[in-house]
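Here is what each chain is made of, one letter per residue.
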Amino acid sequence: MSLSVTPSRQSYQVDRIELENGMVVLVVENFAADIISGRIFVKAGSRRESREKAGLANLVASVLTKGTERLSSLEIAEKVESVGASLGADAASDYFLVSLKTVSADFSDILGLAAELLRSPAFEPAQVELERRLALQAIRSQQEQPFALALEGLRQSMYQQHPYAYSGLGSLSTVSQLQVEDLQAFHSTYFRPDNIVISLSGRIATPDAIALIKETFGDWQPPATPLPASPVVTVPPISGVTISPQETQQAIVMLGYLAASVQSEDYAALKLLNTYLGNGLSSRLFVELREKRGLAYDVSSFYPTRSETSQFVLYMGTAPTNTTVALEGLQQEAERLCTTRLTPEALQASKNKLLGQYALGKQTNAQIAQVLGWYETIGLGIDFDTQFQVDVSNVTVPIAQAIAQKYFTNPYISLVGPAEVVNPFVEE
């Protein structure tokens, strides 16, 4: 008799407040430990970059903590490290993020420092140049990695002119041309209170959190100019084969399908299918293609959560001589989901795994602040935390098959390996 994981209600209370300047604040009171974690989301990730300025958001994140109009990079580091806190910035596809963690006694000071980074970064030319060189080094390193190369080819083939087509790091040509003025323009356009979500979890009462945030950010007023509309870029459903010849010890085979955004009612079913196919040592791809057939060094699938059209990717690292049979194996597993229904037991096992991992991903203050703030930032709201679990539980065997049939057609293919292996796949 198999056990099943059922959707659970939030074990914490979430308070949501919108300030007069448009900033949204989420607070989860958790007095179990003397820690407060915060996530400050700016609705401006690499999705807001033009192709010509790819890598801009990443460069802004790298430079943001390296100096303000008042403080140097060293002074910032000393303020954070002297109290054992953490403070950093990052850029993702759909948002920009400042993260902080500290004991409750130091939270006011670190929040004030985070506000200073957000509101008055220096973008000192020497620091911009240093971080640009480091970014270019990371891009060169990425170009030597077969998996990254295959994924880059797949993204560009699938997304064409859409910003999701390129790496968040950007390219050698785009990053080389970024100027201080580009960083300043990005900052002045998107870093404004009516475009920010602050998510806190830890030892702080909601009234105290709101009072502190008002004291820190209350005088920050949004400009009169409206936020620029997100550019609408269609993703053409044109499949094909992309090859990247490289003398490697193993070939990388990727199979990609355009898939639903997190806003879609199909999202939960696709997450389940991804769990079934590629999540862990018991997943279908691992058992069938690695354990039984010995084809793979590494085999899995992924379905990233995106605010717009996402991608569902199956991939394998294999001996170059196995490239053809590896590609056929991945295609057979995707097609099998369309033609053969999952057993109720297999579907329930995938639900248990997905819901269990989802629950484990919200154990710390940092994880709670991240998940709730992210949902709010991309327009799902804090109730999505519970709704997603319900949606997963409601997926039936016929629904799972229907979703597979809807999305797993016309695959995009990306191959990396020795020229003599991948070149024959080029379509005439």
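With an unreviewed UniProt entry as reference, the chain is termed Peptidase M16, source organism Desertifilum tharense IPPAS B-1220.

Visitor: What should I look at first to understand the UniProt feature "domain: Peptidase M16 N-terminal" (unreviewed entry) in the chain in this one?
Guide: When the UniProt feature table is mapped to this numbering, "domain: Peptidase M16 N-terminal" (unreviewed entry) covers residues 27-167. Taken as a whole, residues 27-167 contains 45% helix and 18% strand, while its terminal C-alpha atoms sit 33 Å from one another.

Visitor: I'm lost on the packing of helix H2 (residues 73-81) against helix H3 (residues 107-119) in this one. Help?
Guide: Two packed helices can be described by the angle between their axes and the distance between those axes. Packing of H2 against H3 brings their axes to within 10 Å, and their N-to-C directions diverge by 155°. Taken as axis vectors, H2 and H3 run roughly antiparallel relative to one another. In this structure, H2 meets H3 at a crossing whose hand is left-handed. Of H3, the residues touching H2 (which contributes Ile76, Lys79 and Val80) are Ile110, Leu113 and Leu117. In terms of residue class, the contact of H2 with H3 is made up of 5 nonpolar, no polar and 1 charged.

Visitor: It is not clear to me how the sheet that holds strand S11 (residues 412-417) should be interpreted in this structure. Could you clarify?
Guide: On the basis of which strands lie adjacent, the open sheet formed by 5 strands has the order S7-S11-S8-S10-S9 and mixed pairing. Edge strands, defined here as strands with exactly one partner in the open sheet, are strand S7 (241-245) and strand S9 (298-302). Averaged over all pairs of adjacent strands, the angle between their axes in this sheet comes to 10°, without regard to strand direction. Most of the contacts of helix H11 (residues 323-339) go to strand S8 (residues 251-259), to which it runs at about 25°, and overall it touches S8, S9, strand S10 (310-318) and S11.

Visitor: I tried to follow empty space enclosed by the protein on my own but got confused; where do I start?
Guide: Inspection of every chain in the model, using the stated rule, returns 1 cavity of 30 Å³ or more. Counted as a void, the largest cavity has a volume near 40 Å³. As for the largest cavity, its lining consists of Leu273, Leu337, Thr340, Arg341, Leu342, Val397, Ala400, Gln401 and Ala404. In terms of residues, the lining of the largest cavity owes the most to one element, helix H15 (residues 397-407), which gives 4 residues. Of the residues contributing to the lining of the largest cavity, the split by class is 6 nonpolar, 2 polar and 1 charged.

Criteria and thresholds
- Residues numbered from 1 in each chain as written.
- Predicted model: local features only at pLDDT ≥ 70, side-chain atom pairs only at ≥ 80, totals over all residues.
- Heavy atoms only, no water.
- UniProt positions renumbered as here; feature names shortened; annotations may be inferred.
- Helix = DSSP H or I, 4+ residues; strand = E, 2+ residues; numbered from the N terminus.
- Axes fitted to C-alpha atoms, helices over the stretch in contact; angles between N-to-C directions.
- Parallel < 35°, antiparallel > 145°, perpendicular 65-115°, else oblique.
- Left-handed = near helix turned anticlockwise from the far one by under 90°.
- Contact = heavy atoms within 4.5 Å.
- Nonpolar A, V, L, I, M, F, W, Y, C, P; charged D, E, K, R; others polar.
- Pairing = 2+ DSSP bridges.
- 1 Å grid on protein atoms, 1.4 Å probe; cavity = no way out; pocket = protein on both sides within 12 Å on 5 of 7 lines; lining within 4 Å.
- Points joined across faces, edges and corners; volume = space filled by probe spheres on them.

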